[in-house]
Every structure is written in C-alpha cells, then in structure tokens.
Amino acid sequence: LMPLKVSELENMQKIYPNIKRFALADESEFEYAWTYSPNNYKMAFNAYKVFNLLEEYEKENDMRYDFVFMIRPDSEPVFSGQLNLYDELNRLKSDEIVDMITRTGNGLGNIYGTREAIKIYSSIYMNFGTFLTNRSLYGYQGSDLNSNVSKKDMISLALSFHDLAFRWLSYNGLMIVT
C-alpha cells in the first residue's frame, strides 16, 4: 500500500464534511521500540491521538460532545435493525462503555460511551507506567514504584491491547456493556 498524502485526506474531508480533523503520524517508533507487539501499542497511541484531535476541535468551537464513538477502520460494527441509538445513548450510564459487536466478535476495538468514559479509555497510552507499577493491572510483582518507567518498558508487558483496555477500564471504575 502507498502511504496516504495530506492532499488525499483533505479531498476526503471535502467529500465527507463530518470528518472534522485528521492527522498523519510516523508510527515507525512502534516498529523498533516495541518489538513484542507494536500493533497493540499503535492502537493505544491512536486512541490517544484521536481523542486529542477531538479536544482540539471542541476547544476551537467552544463546545463539548456528550458521547464519543471510536470505530476501528478495519472492522464493521453490526447494528440491529431494532436499535434506537437515541434511546441507547440516553440509557447509557456515565460509568459504562459499550463494546460493539463486529463480524469478528468484540474486544474494545469499536466502542462508544460518554465523553469522560472514552477519555479514560484513550488515556491508556499515557499511563503505561501505571501498568508496570501496579500489581493488579500488571498481573505480576510489578516494577519498583520509584523506578523511572518508560513506554519502552512495555516490551516486558506481554498483554494485548484488548486485555490492557479491559484492565484499565476496570481499574478506573468503568464497566463494559454490550
């Protein structure tokens, strides 16, 4: 595949005016720094960057979204014909995130929830150190709480992004619903 060009994204934004922001990022850091499973960390990084773009848009337009959807570009959520999204959003509690079913199952790749709940979800990338220093998240003894933990230390953390996300949400008092 050829890399995307900014001009191609700008053209897409003209065709689809609901695309408010886009960003291209050099993800080569993940290829050499996190050799265990760079894709897991790309997912955390991209959730973090997407939420930052959302916050920039909100600030520039003096508004805040009530609910946020994060949909992976490589999957397709399955919606029931009887789904009334308005009712579903109004039923959703502030401590819940909906894990949408896709044709390949689920696992926190396609989610929606209140803005604040999704903000917590998207903060996984900036909190890798918490995983390494907290036994209940890491699942092992954990690192010395006084050590200088970096994202590169995540190589030793052999959890998938989906597992990290479930643990992070639980640690922060959020529930996953379907």
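For the structure, check the block above.
Residues numbered from 1 in each chain as written. Predicted model: local features only at pLDDT ≥ 70, side-chain atom pairs only at ≥ 80, totals over all residues. Heavy atoms only, no water.

## So, the environment of I111
Point 1. Structurally, the position occupied by I111 is in strand β3 (residues 111-114).
Point 2. For the pair I111 and M70, spaced 41 residues apart in sequence, the C-alpha separation works out to 5.3 Å.
Point 3. I111 has contacts with V68, F69, M70, I97, V98, D99, M100, I118 and Y121, leaving out every residue within four places of it along the chain. (Helix = DSSP H or I, 4+ residues; strand = E, 2+ residues; numbered from the N terminus. Contact = heavy atoms within 4.5 Å.)

## Some points on the sheet that holds strand β2 (residues 96-99)
Point 1. Taken in spatial order, the four strands line up as β1-β3-β2-β4 in an open sheet, and their pairing is mixed. Of all strands in the sheet, those bounded by a partner on one side alone are β1 (67-70) and β4 (175-177). With strand direction ignored, the average angle separating the axes of adjacent strands in the sheet is 25 degrees.
Point 2. Across three bridges, β2 lies against β4 in parallel orientation. Directly across from E96, in β4, lies its bridge partner M175.
Point 3. Helix-sheet contacts for helix α5 (residues 115-122) involve β1, β2 and β3, and the interaxial angle to β3 is about 125 degrees. (Pairing = 2+ DSSP bridges. Axes fitted to C-alpha atoms, helices over the stretch in contact; angles between N-to-C directions.)

## As for the pairing of β1
Point 1. Burial of the side chains of β1 is restricted to one face: V68 and M70 are buried, whereas none of F67 and F69 on the reverse face is.
Point 2. Pairing of β1 with β3, which is carried by four bridges, proceeds in the antiparallel orientation. Bridging across to β3, F67 finds its partner in T114. (Buried < 20%, exposed > 50% of the residue type's maximum accessible area, 1.4 Å probe, protein only.)

## A look at the side chain of S122
Point 1. Mapped onto the elements of the fold, S122 is located in helix α5.
Point 2. With relative accessibility at 4%, the residue S122 sits in the buried group.
Point 3. Among the polar contacts listed, one links the side chain of S122 to the backbone oxygen of K119, at a separation of 3.0 Å.
Point 4. When neighbours within four sequence positions are excluded, S122 is seen to be in contact with A47, Y48, F51 and M70. (Polar contact = N/O pair within 3.5 Å; in protein donor to acceptor, adjacent residues only side chain to side chain.)

## Thoughts on the packing of aromatic side chains
Point 1. Per the counting criterion, the structure on display carries five aromatic pairs.
Point 2. Measuring from centroid to centroid gives 5.2 Å for F45 and Y125, while their planes differ by 70 degrees, and the two rings are edge-to-face. Taken as a pair, F45 in helix α3 (residues 38-60) and Y125 in the loop between α5 and α6 (128-133) lie far apart in primary sequence, 80 residues in all. The pair F45 / Y125 is uniform in exposure class, with both members buried. (Phe/Tyr/Trp six-rings, centres within 6.5 Å; stacked < 30°, edge-to-face > 60°.)

## Side note on α5
Point 1. Within the span of α5, buried status applies to R115, A117, I118, Y121 and S122. Down the axis of α5, the buried set is contained in an arc of 160 degrees. They therefore lie on one face. (Arc of directions from axis to C-beta.)

## A closer look at the pairing of β2
Point 1. Residues of β2 alternate between two faces, with E96 and V98 on one and I97 and D99 on the opposite face, all of them buried.
Point 2. For β2 and β3, the ladder comprises three bridges, and the chain directions are antiparallel. Within β3, the residue paired with V98 across the bridge is Y112.

## Description of the nonpolar core
For soluble globular proteins, nonpolar side chains are generally found buried alongside one another.
Point 1. Counting 23 residues, the largest nonpolar core has M70, I97, I118, Y121, I124, F128 and F161 as the members making the most contacts within it.
Point 2. Within the residue set of this core, elements represented by two or more residues are α3, β1, α5 and α8 (161-171).
Point 3. When residues in this core are grouped by element, the largest group, seven residues, is from α3.
Point 4. Counting residues in each nonpolar core, the second largest holds five residues, with L92, V98, M100 and Y112 among its members. (Core = buried A, V, L, I, M, F, W, Y, C linked by side-chain atoms within 4.5 Å.)

## Points about the side chain of E58
Point 1. Structurally, E58 is set in helix α3.
Point 2. On the basis of relative accessibility, which here comes to 4%, the residue E58 falls in the buried class.
Point 3. Of the polar contacts made by the side chain of E58, one reaches the backbone nitrogen of Y65; its length is 2.8 Å.
Point 4. Those residues within four positions of E58 in sequence are excluded, and the remaining contacts are M63, R64, Y65 and R115.

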